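# Structural description and commentary
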Amino acid sequence: MNEHARPQTLSERADEFEERMMHELGERIATRSTLFHLADGEVTMDSGPGLKAANPDKYFLMGADPRLPKMPDQPTLIDFFHNRFASLNHLLQSATHALKDGHSEKIVLACLLHDIGVASFIRCDHGYWGAQMIEPYVDEEVSWAVRMHQALRFFPDPSVGYEYPEMYVKYFGADYKPEPYIVAEYERARNHKWYMSARLICVNDIYSFDPNAKVNLDDFVDIIGRNFRQPEEGLGFDNSPSAHMWRTLMWPTRFL
Ligand SMILES: [Fe+2]
Ligand SMILES: [Fe+2]
């Protein structure tokens, strides 16, 4: 039988993947965390002893992954924008929109950072992840707004002209209803003193991507400088409660 006639088994695919990873990394063995496997629909983890037994002459990767853009020793938020955030346009467009509408620097920054959870980490609960990443470095109102946009975007607010996004009907179906934890979060946020800050993220969230819009991170460097407390040691090395998240983003395939 032609070996290409049947689909590969999961373990064959895994072997091939490991082979490819190691080939690309030369002397080091890169590992995929369980979360990466879960995203492929597999509840599994890379086996340390198994990989080591198969590659007795190689050590596991314990630092930078050479396939990814190199990060400086003391990385700044801007370095993460350039080297780890998979997409900048949506963030820049939202922030540009907020800037043109004359909003405060806090709101512009919140718009600029509102989806970094998606752009760098994970889609599920991205508002919470993004807020946690930036919390030690921004005004509390900014991280609060980023966290709450997760829930607010599902609920209209006619007072500011915010409708339920058409895109969500296309993406999730007309009968999609947010889960109870999202509804409860929305209700808490609605009565909060910073409600409008989170709401403004939704208002400036550009759902239909405009490929012709001219946006540039350079336009926001000064606002970041004034409103994001960049640690001297570099993001990830400053012992903040979210430093480990930035390190993980820097070194996503470290063995430990
Ligand atoms: Fe979002
Ligand atoms: Fe967004």
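Predicted, not measured: the structure shown is a model, and the values here were computed from it.

## Here we look at unusual backbone geometry
A positive phi angle, near 55 degrees, is found at D125, a position not held by glycine. The phi dihedral of N239 is positive, around 60 degrees, even though this residue is not glycine. Looking at where N239 falls in the secondary structure, it is placed in the loop between α13 (221–227) and α14 (243–250).

## Some thoughts on the packing of aromatic side chains
Enumeration over the complete set of coordinates arrives at 14 aromatic pairs. Taken together, the ring pairs in this structure connect F154, Y164, Y168, Y171, F172 and Y176 into an aromatic cluster. Over the ring of W194 we find K193, and its NZ or CZ is 4.7 Å from the ring centre.

## Structural notes on the pattern of salt bridges
The full count for this structure, using the stated rule, is eight salt bridges. A salt bridge links D157 to R199; the shortest N-O distance between them is 3.8 Å. With D157 in the loop between α9 (140–152) and α10 (166–172) and R199 in helix α12 (residues 195–204), the pair connects residues that are 42 residues apart, well separated along the chain. Judged by its relative accessible area of 0%, R199 falls in the buried class. Across the pair R188 and E185 runs a salt bridge, and its minimum N-O distance is 2.8 Å. In this pair, R188 and E185 both sit in helix α11 (residues 180–190), three residues apart, roughly one turn of the helix. One salt-bridge network, in which partners are shared between bridges, spans K106, D139 and E141.

## Quick look at the nonpolar core
Within the largest apolar cluster, 54 residues are counted, with the highest numbers of intra-cluster contacts made by L77, F81, F85, L113, I134, F228 and W246. If we skip the residues at most four places from it in the chain, I134 touches L113, I116, V142, S143, V146, F228 and W246.

## Regarding the coordination of the iron ion (ligand 2)
Taken together, the protein donors to the iron ion (ligand 2) comprise H90 (NE2), H114 (NE2), D115 (OD), D205 (OD) and D205 (OD), at separations of 2.1 to 2.8 Å. All donors of the iron ion (ligand 2) belong to a single chain; written as a sequence motif, their spacing is H-x23-H-D-x89-D. In this model, the iron ion (ligand 2) sits 3.7 Å from the iron ion (ligand 1), the two metals being bridged by D115. Here H90, found in helix α5 (residues 89–100), pairs with D205, found in the loop between α12 and α13; they are 115 residues apart in sequence, far enough to count as distant. Relative accessible area serves as the criterion here: at 22%, H90 is assigned to the partly exposed category. According to the relative accessible area criterion, D205 is buried, its value standing at 7%.

## Brief notes about the coordination of the iron ion (ligand 1)
The protein atoms that coordinate the iron ion (ligand 1) are D115 (OD), H126 (NE2) and H149 (NE2), at distances of 2.1 to 2.2 Å. Spacing between the donor residues of the iron ion (ligand 1) along the chain follows D-x10-H-x22-H.

## Regarding the side chain of S94
Relative to the helices and strands, S94 resides in helix α5. Of the polar contacts made by the side chain of S94, one reaches the backbone oxygen of N204; its length is 3.2 Å. Leaving out residues up to four positions away in the same chain, S94 has contacts with C111, H114, N204, D205 and I206.

## Overview of helix α8 (residues 126–134)
Taken across its nine residues, α8 has seven buried, putting it largely inside the fold. Here α8 has its buried residues at H126, G127, Y128, G130, A131, M133 and I134. Contacts from the buried residues of α8 go to α6 (105–113), α7 (116–121), α9, α11 and α14.

## Section: the environment of H114
Within the secondary structure, H114 sits in the loop between α6 and α7. Judged by relative accessible area, which is 0%, H114 ranks as buried. Sequence-wise, H114 and S143 are 29 residues apart; in three dimensions their C-alpha atoms are separated by 8.6 Å. Look past the residues within four positions of H114 in its chain and what remains in contact with it is H90, L91, S94, H126, V146, H149, I201 and D205. A polar side-chain atom of H114 sits 2.6 Å from the main-chain carbonyl oxygen of C111.

The rules behind the values
- Residues numbered from 1 in each chain as written.
- Chains lettered and ligands numbered in written order.
- Predicted model: local features only at pLDDT ≥ 70, side-chain atom pairs only at ≥ 80, totals over all residues.
- Heavy atoms only, no water.
- Helix = DSSP H or I, 4+ residues; strand = E, 2+ residues; numbered from the N terminus.
- Phe/Tyr/Trp six-rings, centres within 6.5 Å; stacked < 30°, edge-to-face > 60°.
- Lys NZ or Arg CZ within 6 Å of the ring centre and 35° of its normal.
- Salt bridge = Lys/Arg side-chain N within 4 Å of Asp/Glu carboxyl O.
- Buried < 20%, exposed > 50% of the residue type's maximum accessible area, 1.4 Å probe, protein only.
- Core = buried A, V, L, I, M, F, W, Y, C linked by side-chain atoms within 4.5 Å.
- Contact = heavy atoms within 4.5 Å.
- Donors = N, O, S within 2.8 Å, 3.2 Å for Na, K, Ca; no water.
- Polar contact = N/O pair within 3.5 Å; in protein donor to acceptor, adjacent residues only side chain to side chain.

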